[in-house]
Amino acid sequence: MRIAVLKESAPGETRVAATPETVKKIVGLGHSVTVQTGAGVAASAPDAQFKAAGAEISADAGIGDADLVLKVRRPTEAELGVMKASAGFCALLEPYGDRAIIDALAAKKIDALAMEFIPRISRAQSMDALSSQANLAGYRAVIEGAALYGRAFPMMMTAAGTVAAAKVFIMGVGVAGLQAIATARRLGAVVSATDVRPATKEQVASLGAKFVAVEDEEFKQAETAAGYAKPMSAEYQAKQAALVTEHIAKQDIVITTALIPGRAAPVLVTEAQAKSMRPGSVIVDLAVAQGGNCPLSKPDELVELGGVKIMGFTNLPARLGADASSLYAKNLLALLPLLTEKDGKGFAPHWDDEIIQGAMLARGGALVHPHFAPKSAA
Ligand code: NAI
């Protein structure tokens with residue numbers, strides 16, 4: 001099949017959906033790959049490297065003839081306008097974002113896979129783009145927090161006096177939170193963490209951090225079968241807030257990563273709690289694109305309040321463009337066999353496979369994912 005790799009146009013996006021390494025493998029499987037001019041430059045993969053790996057380079061990536069289009073982010077209207085009907089499209093489609101593009105994908109009869117919906121089963125781990133990107137985001141959140149913090153992370157005993165270790169509190173212990181704990185520990189901070197899913201208690205302890213949460217009956221039931229958090233009751237949130245209020249006031253860095261798929265992010269750090277931190281403290285909000293875990297955070301803007309710095313990052317993986325692209329491109333490469341004819345090289349999604357069924361957003365002119373399909377079809 002003919003595969004097009006597009007250049008991202010979203011502001012600040014540095015990632016690309018293929019790397020010279022994955023292009024080489026895809027070409028080796030008998031497909032042709034056309035990369036849009038300059039698509040990999042921001043991820044340290046110049047056109048010459050793609051060419052050497054066997055790709056063609058062209059100004060429009062041959063999108064009009066492509067059987068499968070690979071991107072990191074949603075398609076633009078212009079891209080959709082030139083794609084042929086029944087082509088495949090794989091990207092992080094932000095399915096719960098603005099509906100217009102999602103509807104346009106379906107109207108154009110594109111077979112669209114949302115990488116966010118790859119099911120979290122062991123067979124699909126190598127395709128799990130949410131995890132590959134969240135892991136890097138968790139690492140980078142700590143690095144960004146450390147850069148904003150005007151003090152050191154590790155304890156240092158010097159002839160001129162002792163520098164205290166930074167206290168870092170991670171709120172939300174999913175993939176990003178776990179990596180943030182590990183990174184902050186490696187930098188020498190004293191780390192604590194909280195989550196509403198009981199399974200995280202042991203994970204936090206195994207990374208050498210302290211677990212802080214109200215562990216009542218609701219907490220014990222707070223995980224869905226898919227491993228995601230459930231929205232918590234107002235009562236639970238109030239109890240948990242009372243517990244963490246005292247804790248936050250003593251922290252130097254708070255990193256929030258709490259998300260509930262398809263819903264606004266829960267508020268975990270109120271304005272009063274933020275103000276209780278000492279001057280020079282830092283809050284890094286990774287949930288800002290979903291409304292934020294702190295009402296003060298603004299997308300990609302540094303807010304300062306009484307000496308406390310609050311930074312909301314909408315796209316931390318793009319700050320590690322080369323690594324984030326490398327992992328995302330490998331996620332797509334792992335998915336490719338499920339999009340290819342069983343006995344050939346044509347584009348033919350395996351509709352009976354639970355991974356394709358889970359990730360397929362639009363097919364043959366209709367939105368087919370259960371969260372979006374009309375009730376009767378779902
Ligand atoms: P996420 O990005 O949806 O959310 C981040 C974290 O925020 C979660 O741990 C969630 O419990 C927490 N959270 C939500 N509301 C909260 C609140 N009010 N207070 C505190 N914390 C709150 O989560 P992510 O990183 O996508 O992971 C979700 C689950 O999927 C985890 O159980 C993870 O271990 C699991 N997973 C399974 C995989 C597999 O089996 N292949 C691969 C990757 C993740």
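Residues numbered from 1 in each chain as written. Predicted model: local features only at pLDDT ≥ 70, side-chain atom pairs only at ≥ 80, totals over all residues. Heavy atoms only, no water.

Peer 1: Please explain the overall build of the chain as it appears in this structure.
Peer 2: If you tally the helices and strands in the chain, you get twelve helices and 17 strands. Taking 2.2 N^0.38 as the reference for a compact globule, 378 residues should give roughly 21 Å; the C-alpha atoms of the chain span a radius of gyration of 22 Å, in line with that estimate. Once the C-alpha set of the chain is aligned to its principal axes, its extents read approximately 65 × 55 × 35 Å. Considering the chain as a whole, with its 378 residues, one finds that 51% of them fall into the buried category. Here the analysis covers contacts within the chain between residues at least 6 apart in sequence; of these, 62% occur between residues at least 24 apart. (Helix = DSSP H or I, 4+ residues; strand = E, 2+ residues; numbered from the N terminus. Rg over C-alpha atoms; globule rule 2.2 N^0.38 Å. Buried < 20%, exposed > 50% of the residue type's maximum accessible area, 1.4 Å probe, protein only. Contact = heavy atoms within 4.5 Å.)

Peer 1: Would you explain helix 1 (residues 20-28) in this entry?
Peer 2: In an α-helix there are 3.6 residues to a turn, and that puts residues three or four apart on one side. Burial in helix 1 covers these residues: Pro20, Thr22, Val23 and Ile26. Each buried residue of helix 1 sits inside an arc of 160° when the element is viewed along its axis, so together they form one side. Among the exposed residues of helix 1, those oriented more than 90 degrees off its buried face are Lys24 and Gly28. Looking at the buried side of helix 1, the elements it contacts are strand 1 (2-5), strand 2 (32-36), helix 2 (47-52) and helix 11 (321-335). Backbone geometry just downstream of helix 1 places glycine 30 in the positive-phi region, at approximately 100°. (Arc of directions from axis to C-beta.)

Peer 1: Can you walk me through the pairing of strand 9 (residues 167-171) in this structure?
Peer 2: Residues in a regular strand project their side chains so that they alternate between the two faces of the sheet. Where burial is concerned, most of strand 9 is hidden: four out of the five residues are buried. One ladder, built from five bridges, connects strand 9 with strand 10 (residues 190-194); its direction is parallel. Considered in strand 10, the bridge of phenylalanine 169 is made with serine 192. Since strand 9 and strand 10 lie parallel, the crossover through helix 6 (residues 175-186) that links them has a hand, and here it is right-handed. Relative to strand 12 (residues 253-256), strand 9 runs parallel, the two sharing four bridges. (Pairing = 2+ DSSP bridges. Right-handed = clockwise from strand over helix to strand, strands pointing away.)

Peer 1: Mind showing me how you'd approach helix 6 here?
Peer 2: Between its first and last C-alpha, helix 6 extends 17 Å over twelve residues, near the 16 Å set by a 1.5 Å rise per residue. Of the residues making up helix 6, those classed as buried are Ala176, Gly177, Gln179, Ala180, Ile181, Ala182, Thr183 and Ala184. Buried residues along helix 6 sit against helix 5 (129-148), strand 9, strand 10 and helix 7 (200-206). Among the residues trailing helix 6, glycine 188 stands out with phi positive, at a value near 95°. (Expected span 1.5 Å × (residues − 1).)

Peer 1: Looking at this structure, how should I read the environment of alanine 134?
Peer 2: Structurally, the position occupied by alanine 134 is in helix 5. Taking C-alpha positions, alanine 134 is 9.9 Å from alanine 180, a pair spaced 46 residues apart along the chain.

Peer 1: So what exactly am I meant to see when it comes to the sheet that holds strand 16 (residues 360-363) here?
Peer 2: What links the strands of a sheet is backbone hydrogen bonding, and the strands pair in either a parallel or an antiparallel sense. Sheet architecture is open: eight strands sit in the order 3-2-1-4-5-6-16-17, paired in mixed fashion. Of all strands in the sheet, those with a lone pairing partner are strand 3 (56-58) and strand 17 (366-367), marking the two edges. Inspection of the sheet shows strand 1 paired to strand 4 (residues 68-70) by three bridges, in the parallel sense. In the sheet register, isoleucine 3 faces strand 4, and the bridge partner there is leucine 68.

Peer 1: It is not clear to me how unusual backbone geometry should be interpreted in this structure. Could you clarify?
Peer 2: Note: most residues except glycine have negative phi, and most peptide bonds are trans. The phi torsion at serine 44 lies on the positive side, around 65°, for a residue other than glycine. Considering the arrangement of structural elements, one finds serine 44 in the loop between strand 2 and helix 2. Looking at serine 44, the relative accessible area reads 55%, which means it is exposed. Residues other than glycine seldom take positive phi values, yet aspartate 300 does so here, at roughly 55°. Examined against the element boundaries, aspartate 300 turns out to sit in the loop between strand 13 (282-285) and strand 14 (302-305).

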